[in-house]
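# Descriptive analysis of the structure
Residue strings, one per chain:
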Amino acid sequence: MQLREGKMSVQRREIEILCIMCPVGCRGKIEIDEKSNILKISNLQCKRGEKYVINEYKSPVRVITATVRTKNSVHSLLSVKTNKTIPKNRIMECMCNLAKVRVHPPVRAGQVLVPNIIDTEADIVATRDLTE
Amino acid sequence: MVSTSNNVDLVVIGGGPAGLAAAYKAKEVGLDKVVIVERGEELGGLLPQCIHNGFGLTYFNKDMTGPEYAQRFIEKVSKLKVDVFLETMVLRLTPDRKVTICNRNGIRTLVAKAVILTMGCRERTRESLMIPGARPAGIFTSGTAQRIINIEGYLPGNEIVILGSGDIGMIVARRLVLEKVNVKAMVEILPYVGGLIRNQAQCINDFEIPVLLRHTITNIYGMPRIEGVTVARVNNKRQPISGTEKDIRCDALLLSVGLIPENELSREAGIELDPITGGPVVNERMGTNIPGIFSAGNVVHINDLVDNVTIEGEIAGWNAAEYTMKKRGFTEHRIKLRNGENIKYVTPQYILADTKEVFLSMRVKKPEENVIVQVGDILTKSLHAVRPSELLRVKLSKKELRRIKEETSELIVTCKKKK
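In this report, the structure presented in the accompanying data block is examined. Everything quoted here is computed from the prediction, not taken from an experiment.

## Overview of the overall build of chain A
- Summing up its helical and strand segments, chain A has two helices and 12 strands in all.
- Secondary structure elements of chain A occur, N-terminal to C-terminal, as β-β-β-β-β-α-β-β-β-β-α-β-β-β.
- Taken against the 2.2 N^0.38 rule, which gives 14 Å for 132 residues, the C-alpha radius of gyration of chain A at 21 Å runs more than 25% over that of a compact globule.
- Taking the principal axes of the C-alpha coordinates as reference, chain A spans close to 75 × 35 × 20 Å.
- Looking at chain A as a whole, 39% of its 132 residues qualify as buried.
- At a minimum sequence separation of 6, the contacts of chain A that also span at least 24 residues come to 42%.
- Carbon together with sulfur atoms contributes 48% to the accessible area of chain A, which is approximately 8,000 Å² in total.

## As for helix H2 (residues 91-98) of chain A
- By the burial criterion, the buried members of H2 of chain A are Ile 91, Cys 94, Met 95 and Leu 98 of chain A. The buried side chains of H2 of chain A occupy one side of the element, clustering within an arc of 100 degrees when seen end-on.
- Buried residues along H2 of chain A sit against strand E6 (61-62), strand E7 (65-70), strand E9 (86-87) and strand E12 (124-126) of chain A together with helix H5 (167-178) of chain B.

## Focus on the interface of chain A and chain B
- If you look at the interface, chain A gives 27 residues, while chain B gives 33 residues.
- Across the chain A to chain B interface the summed buried area is about 2,600 Å²; carbon plus sulfur atoms make up 55%.
- Our count for the chain A to chain B interface comes out at four salt bridges.
- A salt bridge links Asp 206 of chain B to Lys 88 of chain A; the nearest nitrogen and oxygen atoms lie 3.3 Å apart.
- Of all the secondary structure elements, the ones that give two or more residues to the side of chain A that touches chain B are E7, strand E8 (77-82) and H2 of chain A.

## A closer look at unusual backbone geometry
- In the segment running from Pro 105 of chain A into Pro 106 of chain A, the intervening peptide bond is cis, with an omega of 0 degrees.
- In this fold, Pro 106 of chain A is placed in the loop between strand E10 (102-103) and strand E11 (112-114).
- Note the cis peptide between Thr 347 of chain B and Pro 348 of chain B, where omega equals -5 degrees.
- Position of Pro 348 of chain B relative to the elements: it lies in the loop between strand E21 (343-347) and strand E22 (350-351).
- The phi angle at Asn 43 of chain A is positive, at roughly 70 degrees, despite the residue not being glycine.

## Here's the deal with the sheet that holds strand E5 (residues 38-42) of chain A
All names here are of chain A.
- Taken together, three strands build an open sheet; the order of strands is E3-E4-E5 and the sheet is antiparallel. Looking at the sheet topology across the chains shown, the edges are occupied by strand E3 (13-18) and E5. Shown here is a sheet whose adjacent strand axes are inclined to one another by a mean of 25 degrees, direction ignored.
- Of the pairings in the sheet, the one linking strand E4 (residues 27-32) to E5 comprises four bridges and is antiparallel in character. From the neighbouring strand, Glu 31 faces E5, where its bridge partner is Lys 40.

## Some words on the side chain of Glu 56 of chain A
Residue and element names in this part refer to chain A.
- The residue Glu 56 is located in helix H1 (residues 47-58) in this model.
- Within polar-contact distance, the side chain of Glu 56 engages the side chain of Arg 62 at 3.0 Å.
- Ignoring sequence-local partners within four residues, the contact set of Glu 56 consists of Ile 17, Val 61 and Arg 62.

## Looking at the packing of aromatic side chains
Residue and element names in this part refer to chain B.
- In this structure the tally under the stated criterion is seven aromatic pairs over all chains.
- Ring centres of Phe 294 and Tyr 323 lie 6.2 Å apart, and the angle between their planes is 65 degrees; this geometry places the pair in the edge-to-face category. One end of the pair, Phe 294, is in strand E19 (residues 293-295); the other, Tyr 323, is in helix H8 (residues 306-326), with 29 residues separating them in the sequence.
- Residue classification places Phe 294 among the buried positions, given a relative accessible area of 1%.
- Three or more aromatic residues link up through ring pairs in this structure, and these residues are Tyr 24, Tyr 59, Phe 60, Tyr 69 and Phe 73.
- Above the ring of Tyr 24, the side-chain terminus of Lys 76 is found at 4.5 Å from the ring centroid.

Definitions and limits used
Residues numbered from 1 in each chain as written. Chains lettered and ligands numbered in written order. Predicted model: local features only at pLDDT ≥ 70, side-chain atom pairs only at ≥ 80, totals over all residues. Heavy atoms only, no water. Helix = DSSP H or I, 4+ residues; strand = E, 2+ residues; numbered from the N terminus. Rg over C-alpha atoms; globule rule 2.2 N^0.38 Å. Buried < 20%, exposed > 50% of the residue type's maximum accessible area, 1.4 Å probe, protein only. Contact = heavy atoms within 4.5 Å. Areas by Shrake-Rupley, 256 points an atom, 1.4 Å probe, with all protein chains shown as cover. Arc of directions from axis to C-beta. Buried area = accessible area lost by both parts, 1.4 Å probe. Salt bridge = Lys/Arg side-chain N within 4 Å of Asp/Glu carboxyl O. Pairing = 2+ DSSP bridges. Axes fitted to C-alpha atoms, helices over the stretch in contact; angles between N-to-C directions. Polar contact = N/O pair within 3.5 Å; in protein donor to acceptor, adjacent residues only side chain to side chain. Phe/Tyr/Trp six-rings, centres within 6.5 Å; stacked < 30°, edge-to-face > 60°. Lys NZ or Arg CZ within 6 Å of the ring centre and 35° of its normal.

Pasting the structure below:
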């Protein structure tokens, strides 16, 4: 709260979140107060969009897809993913962790390579076989 | 098991998702000798390098990565004992379905009862855009960069500029940022981003990649390796505006400026091509103008979801098998679908209207909100929004197909804004 010229003004911010629910691509606007509570949602054409945008604001999560280096393999890399979403703000931390991982054949698609990566409850799993 | 006889039932040219779907479906329907000829080292086409997710959402109701999606069909093809020739190039296809192939074992000519063209597409290059400037090392198409990063294990550079905001460019931009590469700018000539909204949100917005809309690259400099590009704002005629030039230093330039169906073989065989899609003119059975030659996937038109490519491949496979076993021609082009207002193209370009349902795939020319898509006088569909980058699929059910009058020879497809 700022006191200015005898009036009280509350800090507000407006955040724009692009909705991906349909090809319109509404740019949802969320007005939040200084405690990051949602005051108002606007510029969305449907309820699906509102639900998505609120979720995106409150706890954005993503599935991470990447590659890990191999050992003793004719292939240089193995494609992997998290088998659950992880918080969006921990993506780069997850990537730094994956840089240290080395896998060697044989690996089956779906096999857990790193359980519970950086304590997110998501496992890193192989997305293809590595047979040689 | 490699077939020693040159007489086969079906040759599928290209072992990506379209070819895999066509081959397994033909086998399921009952064809005996089905061969996939694939020039790469493995099946799957582009899927093995598409390590990101978003595949299989409609077909499997799952969110899969490219390799996972490919694996499903590679396993199907293997279980059904389809013959697969890897690292094998098709040199020539003739109208009477002789397929000349070449690999380490030499050259052979297969004689097929039916052929399915599923060669996919390639990327538009710097040369075809005629970007002025030096011709140094460090200029890649985004798909090539994707292969280099995800399969070979190298980075194309450390300071990247991307030209074009197509899906591949956005996906690769995200991949690069995840590998701690500095993606300095995405340069887009149109006033809006080109690819799927999902990619705009999860690649560009998530990682705050700077996008320069209404800009283009007017110069490339640096030798022997690229050192930078000059970007300029463009006017409404997409011409660079003098005085707005800005240099951006980079050690790699990636291009995401369009995909072109790869139809050299089709052209040489005398297949009729549509100049707008760049692919064969087909009917709803995926038949071309030549009896026994069918086509599916990106070689017909550039798709946006692999799930639809699979469905197209299955239709081609099923009909190629029907053709082989019952000798139905499928070359009759009864009703032409004409591109009307705001429609860039529709496939299939012709329909026979003798099946229980037909799926039309179309793209609009300009983005628009609150529209009505109309197919002649037989179907009207209301849509919230349309964009050129998102393929529209419209189903003509039996009810709609029955509305086609006997004397109808064409249906005009339009996409108009609601009044």
